[in-house]
Amino acid sequence: MTALRDYSAAVTQPTLTGGPARYDEVVAPDGSLRVGWRLLAEQAIQLTDSDLRRVGSDIERFLADDGVTYTPPEEEPGPWRLDPFPLIIDAAEWAPLEVGLAQRAELLNAILVDLYGPQRLLSSGVLPSSLIFGHQGFLRVAARASASDARPLLLAAADLGRNAAGEWQVLADRAQAPSGIGFAMENRRVISRVMPELYRQAALHRMAPFFQALRSTLIDSAPGDSPNPRVVVLSPGTHSETSYDQAFVATSLGFPLVEGSDLVMREGAVWMRVFGRLERVDVILRRVDAAWSDALELRKNSQLGVAGLSEAVRRGSVRVVNGLGAGVLENPALLPFMSAMCEMLLDEPLRLPSVQTYWTGDDRSRAYVLDNLDSLVVRSIDDPVEGAAPSRDQLQARISAEPHRYVGQEPLMLSQSPTLGAGGLRPQTLTLRTFTLRYGSTYRPLVGGLAHVFEAGRPTSSKDVWVLKDRPEDPDQGLTDVLPLTNVRASAAMMPRVLEDMFWFGRYAERAEDMLRLVLTAHAIAEDFRSRPQTAGGASLAVLMRAISGLSRSSFGSDQLDENFRSILLDVRRSGSVAQSVTALREAAQSVRDQLSPDTWLAFSSTDRASSALEAYHYSHQVAESAGRMLTGILSLQGMTANMIRDPGWRMIGAGRAIERGLQLCHLLRSTTTVRRGIDADRDLHLAVLSAAESTVTHRRRYQGYVRLAGVLDLLLVDPDNPRSLAFGIGEMREHLAEMPGSTGSTRPERLLDDLADELDRADIVALTAIEGENRPNLARFLDGYAAQLSRLADAVGELHFAAAPIPRSFGFATAVQE
Amino acid sequence: MNRYRVSHRTTYSYDEDVSDSLGIAYLVPRELPWQHVVSHELSLDPSTEDCTGDLDFYGNTSTYFQVTSPHQVLDILATSEVETEPPSHDEHTLDTPWESARPQRRADVADAWQAQDFALASALADQTTEAHAYAAQSLQSGRPVGEAVTDLMHRIHADFAYDKASTTVTTTIDDIFAQRAGVCQDFAHLTLACLRSHGLAVRYVSGYLATRPPPGKERIVGADATHAWAAVWIPDGGWLALDPTNDQWVNDRYVTVAWGRDYADVAPVKGVIFTEAKKSSLKVEVDVAPI
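Nothing here was measured: the structure is a model prediction, and the numbers come from that model.

> Hey, could you run me through the overall build of chain A in this one?
In terms of regular secondary structure, chain A is built from 29 helices and 21 strands. Here the C-alpha atoms of chain A give a radius of gyration of 31 Å, agreeing with the 28 Å that 2.2 N^0.38 yields for 819 residues. Projected onto its principal axes, the C-alpha positions of chain A cover 95 × 75 × 60 Å. In chain A, which comprises 819 residues, the proportion classed as buried is 48%. Of the contacts made within chain A by residues no fewer than 6 positions apart, 71% connect residues no fewer than 24 positions apart.

> Can you walk me through the interface of chain A and chain B in this structure?
By a frequent convention, interface size equals the accessible area lost on bringing the separate parts together. Contacts between the two partners involve 38 residues from chain A and, on the opposite side, 43 residues from chain B. Put simply, the parts of the chain that give the side of chain A that touches chain B at least two residues each are helix 6 (120–123), helix 7 (130–133), strand 8 (263–266), helix 12 (309–314) and strand 21 (808–811) of chain A. In terms of residue class, the side of chain A that touches chain B is made up of 16 nonpolar, 12 polar and 10 charged. Sheet topology note: the strand 21 of chain A/strand 13 (residues 269–275) of chain B ladder contains four bridges and is antiparallel. Note on strand 13 of chain B: the bridge partner recorded for A:Arg809 is B:Ile273.

> Help me out: how do you make sense of helix 11 (residues 243–253) of chain A in this one?
In an α-helix there are 3.6 residues to a turn, and that puts residues three or four apart on one side. Residue and element names in this part refer to chain A. The element helix 11 is extensively covered by neighbouring structure, given that 11 of its 11 residues are classed as buried. Three or more residues of helix 11 are buried, namely Ser-243, Tyr-244, Asp-245, Gln-246, Ala-247, Phe-248, Val-249, Ala-250, Thr-251, Ser-252 and Leu-253. The elements touched by buried residues of helix 11 are strand 1 (69–70), helix 8 (181–194), helix 10 (208–220), strand 6 (231–234), strand 7 (257–258) and helix 19 (578–591). Just downstream of helix 11, Gly-254 is the residue with a positive phi angle, here 75 degrees.

> Would you mind showing me how to read the packing of helix 26 (residues 726–738) of chain A against helix 27 (residues 748–762) of chain A here?
Two quantities define a packed helix pair, namely the angle between the helix axes and the distance between the axes. Residues and elements named next belong to chain A. Between helix 26 and helix 27, whose axes approach to 10 Å, the crossing angle comes to 160 degrees. What the angle tells us is that helix 26 and helix 27 run roughly antiparallel. Two packed elements cross with a definite hand, and for helix 26 against helix 27 that hand is left-handed. Taken together, the residues of helix 27 that come into contact with helix 26 (itself represented by Leu-726, Ala-727, Ile-730, Met-733, Arg-734 and Leu-737) are Pro-749, Glu-750, Leu-753, Leu-756, Ala-757 and Leu-760. Of the residues in the contact of helix 26 with helix 27, the class split is 10 nonpolar, no polar and two charged.

> What exactly am I supposed to notice about the nonpolar core here?
The nonpolar side chains of a soluble globular protein tend to be buried, and buried together. Formed by 315 residues in total, the largest nonpolar core has its most connected members in A:Val270, A:Ile284, B:Ala230 and B:Val232. Residue contributions to this core peak at 16 residues, all from helix 16 (residues 496–529) of chain A. Apart from residues no more than four positions distant in its own chain, B:Ala230 is found in contact with B:Ala188, B:Thr191, B:Leu192, B:Val202, B:Arg203, B:Tyr204, B:Val205 and B:Leu242.

> Sorry if this is basic, but what is going on with the environment of A:Val377 here?
All names here are of chain A. As for its placement among the helices and strands, Val-377 is situated in strand 14 (residues 377–380). A C-alpha to C-alpha distance of 9.9 Å links Val-377 and Leu-412, two positions 35 residues apart in sequence. Aside from chain neighbours lying at most four places away, what touches Val-377 is Gly-408, Gln-409 and Pro-411.

> Please clarify how the sheet that holds strand 10 (residues 277–280) of chain A should be interpreted in this entry.
In any sheet, the strands associate via hydrogen bonds between backbone groups, in a parallel or an antiparallel arrangement. Residue and element names in this part refer to chain A. The sheet built from three strands is open, its strands ordered 8-9-10 with antiparallel pairing. Looking at strand neighbours, the two that pair on one side only are strand 8 and strand 10, the edges of this open sheet. Strand-to-strand, the axes of this sheet are offset by a mean angle of 45 degrees, without reference to chain direction. For strand 9 (residues 269–274) and strand 10, the ladder comprises four bridges, and the chain directions are antiparallel. Considered in strand 10, the bridge of Val-274 is made with Arg-277.

> So what exactly am I meant to see when it comes to the pairing of strand 16 (residues 416–421) of chain A here?
Regular strands place their side chains on alternate faces of the sheet. Burial within strand 16 of chain A is extensive, with five of its six residues counted as buried. Count of turn residues in the strand 16 of chain A/strand 17 (residues 424–439) of chain A antiparallel hairpin: two residues.

> Explain the sheet that holds strand 13 (residues 357–359) of chain A to me, please; I cannot follow it from the model alone.
Residues and elements named next belong to chain A. Judged by pairing direction, the sheet is antiparallel, and its three strands sit side by side in the order 13-15-14 without closing on themselves. The open sheet is flanked by strand 13 and strand 14, the only strands paired with a single partner. Neighbour-to-neighbour, the strand axes of this sheet turn through a mean angle of 25 degrees, independent of strand direction. Summarising the sheet, strand 14 and strand 15 (residues 406–409) pair through four bridges and their orientation is antiparallel.

> Just to check I follow, could you spell out helix 4 (residues 145–159) of chain B for this structure?
All names here are of chain B. With 15 residues, helix 4 should reach 21 Å at 1.5 Å per residue; the first-to-last C-alpha distance of 21 Å fits that figure. When helix 4 is considered as a whole, its buried residues turn out to be Val-145, Gly-146, Ala-148, Val-149, Leu-152, Met-153 and Ile-156. Where helix 4 is buried, its residues meet helix 1 (91–94), helix 3 (129–136), helix 6 (184–196), strand 9 (226–233) and strand 10 (239–243).

> Would you mind showing me how to read the environment of A:Ala642 here?
All names here are of chain A. You can see Ala-642 is positioned in helix 21 (residues 621–642). Taking the number of C-beta atoms within 10 Å as the measure of exposure, Ala-642 has 8 and is therefore exposed. When the C-alpha atoms of Ala-642 and Thr-632 are compared, they prove to be 15 Å apart, with 10 residues separating the residues in sequence.

> Any chance you could explain unusual backbone geometry here in plain terms?
Keep in mind that most residues, glycine aside, have a negative phi and that most peptide bonds are trans. The omega torsion across A:Val321 and A:Asn322 is -15 degrees, close enough to zero to call that bond cis. For A:Asn322, the location among the structural elements is in the loop between strand 12 (319–321) and helix 13 (338–345). Here the residue pair B:Asp45 and B:Pro46 is connected by a cis peptide bond, since its omega of 5 degrees sits within 30 degrees of zero. The residue B:Pro46 is located in the loop between strand 2 (35–45) and strand 3 (51–55) in this model. Within the chain, A:Asn301 stands out as a residue other than glycine whose phi angle is a positive 70 degrees. You can see A:Asn301 is positioned in the loop between strand 11 (283–286) and helix 12. What makes A:Asn301 exposed here is the crowd of 11 C-beta atoms within 10 Å. Its identity as a non-glycine residue notwithstanding, B:Asp247 has a phi of 55 degrees, on the positive side.

> Even after reading the chapter, I still don't get the pairing of strand 18 (residues 442–445) of chain A, so can you show me in this structure?
All names here are of chain A. Of the pairings in the sheet, the one linking strand 17 to strand 18 comprises four bridges and is antiparallel in character. Pairing of Tyr-439 across the sheet is with Thr-442, part of strand 18. In sequence, strand 17 turns back onto strand 18 through a hairpin of two residues, with Gly-440 there showing a positive phi of about 65 degrees.

What counts, and at which threshold
Residues numbered from 1 in each chain as written. Chains lettered and ligands numbered in written order. Predicted model: local features only at pLDDT ≥ 70, side-chain atom pairs only at ≥ 80, totals over all residues. Helix = DSSP H or I, 4+ residues; strand = E, 2+ residues; numbered from the N terminus. Rg over C-alpha atoms; globule rule 2.2 N^0.38 Å. Buried ≥ 20, exposed ≤ 12 C-beta atoms within 10 Å, placed from the backbone. Contact = placed C-beta atoms within 7 Å. Nonpolar A, V, L, I, M, F, W, Y, C, P; charged D, E, K, R; others polar. Pairing = 2+ DSSP bridges. Axes fitted to C-alpha atoms, helices over the stretch in contact; angles between N-to-C directions. Parallel < 35°, antiparallel > 145°, perpendicular 65-115°, else oblique. Left-handed = near helix turned anticlockwise from the far one by under 90°. Core = buried A, V, L, I, M, F, W, Y, C linked by C-beta atoms within 7 Å. Expected span 1.5 Å × (residues − 1).

Quick look at the structure:
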């Protein structure tokens, strides 16, 4: 039996309770496949449980390789989940849904225009005013003649569910800053790769033309007549719930991903801070909720938006998408009035029904809700997170105190769909998120969507949504006039924040790499000498372990070598550990995701896998195995950066790398070569240093295996041709800094770099190796001085290129009215 | 008819340069049936080109400004010449039982849906159970709304002490009850909380009151201050403005600047600064001179 047959047999079994059955997305009550699946039956039916398990693990790997994460509120980022089985909707079933969604978006836009303008809905009594005036999404700063906007809603989303009869109903409208379209696109990308046969078989609508349409809508929405409007995607930052989605959208559309601190208000307009210059911003696709987007007139002290944004909108100098006031549409109390509003504003009947909702501001509805508290879902109109579920008495009290702030909703018996779990395919309920775009003068729903799978009421996974074409030759998305997305590339928007993240990207990559090399070197020696501390090898091992401890403090004794190695690789909380560097590296990369190649995430997925392997296997050789694979991952970032455009961001990665490499080398030499430990131990240590500094081969070629400190220092300090030497690093930094905008040849970082070069020129290897007792004081002094100077250089680069504006602070609420 | 020249100077001083100040000011008096604005001028020092007025949701003039030249002192001076008359009230409408003055119940009155905005809770006028109970003593069943709210005004004046020291930016309705003291802003918020908790619509009004010098004394220039009071919606009868601080209905010695749901909607000056400065100080000087 194949997986789908088993599933079909299971779900068509009569239930013992005999209660009403859920609608199944794949199997009809008589056991036959639904229309959409019938077309794919040949392929789909063949899939066995083991096929599905393979596909499931492929999906996990692809999502990890693409670095797709989702951050549940108040939690750490976790992997995005995707089920192999898509939600399939055939053309005949989709057609009325599409018409209904388009009408709904048009209606929502008309509602916005009315509520922020003439307010006919309120004055006529069609809509009770307290449900608008009492909703936090109704922004009075946008409800002025000066802020009027004929098309405040450019991208609407809705969550839909199917009832037991198979009819789609709207559960909620999302208009504030709809998320998920990036996840939808990513889901499609992955499913098309892991189930190519099924995907090819299905004549389904591809999504790309919708993205192109979205891009032109955003560009066309620019106010004024700028020939080349600048569009930005405003993100609340990498820690937000859907930061992957935001970066995906920015990257796919070729618009820079910015944060509030990158933008500033001047002359009534919004500008982006680029290299100390200001560049005008025409359109902001906001992913920041309106309340947080203007510290001047909305929530004070918010740093997520742009102070003054409301004024810029009122002056018509910038377009915010969706309009600042759009959040009012997310009010569930609007649902009972949709039909009447549709009649009034569009003069036609409402096509798509909403889930049955009762607004408690209405006397009769309130009585009904209070009588049916146990069977209804009671929600606040604008506060989705209410903490612990309130008791019956609490609910009653809240509703009676502020009746206009609550609704009761009939729970929908959602449809179910086969979902892969530990025990094979199981029916799980789902909801469908749809996206509707204003394109030209009409609203176009995305022919597709994002399905969320629920388990015990909580979203646990997602599904791709396949809408099948009526005829295979139908244009994708029904759009024939859009241009393909070619050569769309985020214009290098090098805000100080981005440059800083790039710089640290370079530094952390190098820090991780150097520590991995040091661990690999030390571990190799440990394999031979861990039980022979009295030998020269044992002595050099002890020195190397001290070098590691100097970079990353630990409390492990010399008898806990493996624990120490594992911790330096895995413990995120241990400062200087590889895990910590990789975490910081990933954070830096995430906040500049739009600037980096997707290959970047492959590197992280391979370091992640190496970490997991090390966590799972406790053999000592796994340390070297995993460290080696982590190193391969980190090194692949080098390949990724090699293919980057030579822009200031790339230069900052290079400068960061060179500075960090110099610092790490100074530290390594300082802790291994400035004290004499006998000829044999010193020779072993020098070889270890060469290995950790990736210069063994060069050294062997140049010195024919004859190891002397002078030769080692010559190669690592002053050799201009060794890419690992301090001298080479000077050359790299000089080139990078000279190419940075604002460089004059005499900026402070450049002057500091000249000093470093002079210091290196003056360095006399013979003098540096001079001995006093057991010590080499000249070398110690030189290395300490050089490292300190490098740190100063790093600071100076930051001051010149990353200087951020002061943080905005609110004033004025202190103006307490006196008598 | 009274005629006043109002000058209202707000001065912010910082211990270091501020590179960027953005602000919103509510300093332009409203044009009303009983109030005419003869002239108005707003000047900023450092001066700025970027200063524009706009009518807000409630019809108040809000002025947006941005100063981007580095400054350690920002001086905002508003000067207005205003003519005022006593607002008139139709006794008949004031006799409406207070229960029928709740906009939620008066779909038959043209502007009830708009008044409803002022019957809902707002952040600075929390409708506590204490406020509800306190107001209930004035809102006896069937009592005429004019009489009932005037009674509440008398009681607030009698029960709460005027005390500048008792109030801060974060003063809540609970604090006011606990201290039995406050300033005009607090008494206005208290009136809002009390009456809104019973479904009446009440506005927060910000403006000035021309002070009378004590008998035989000269008027002291600059001794005046900004003022605040409350106005209650009367079906078909406009808004009855009452000043619980001075225990009287608003008359022709009052200059109305702006109204909103509470102080936060119409703060005379609020803004955002970009600076490394640690300390700032604020000075407000108001003068309402009869002319």
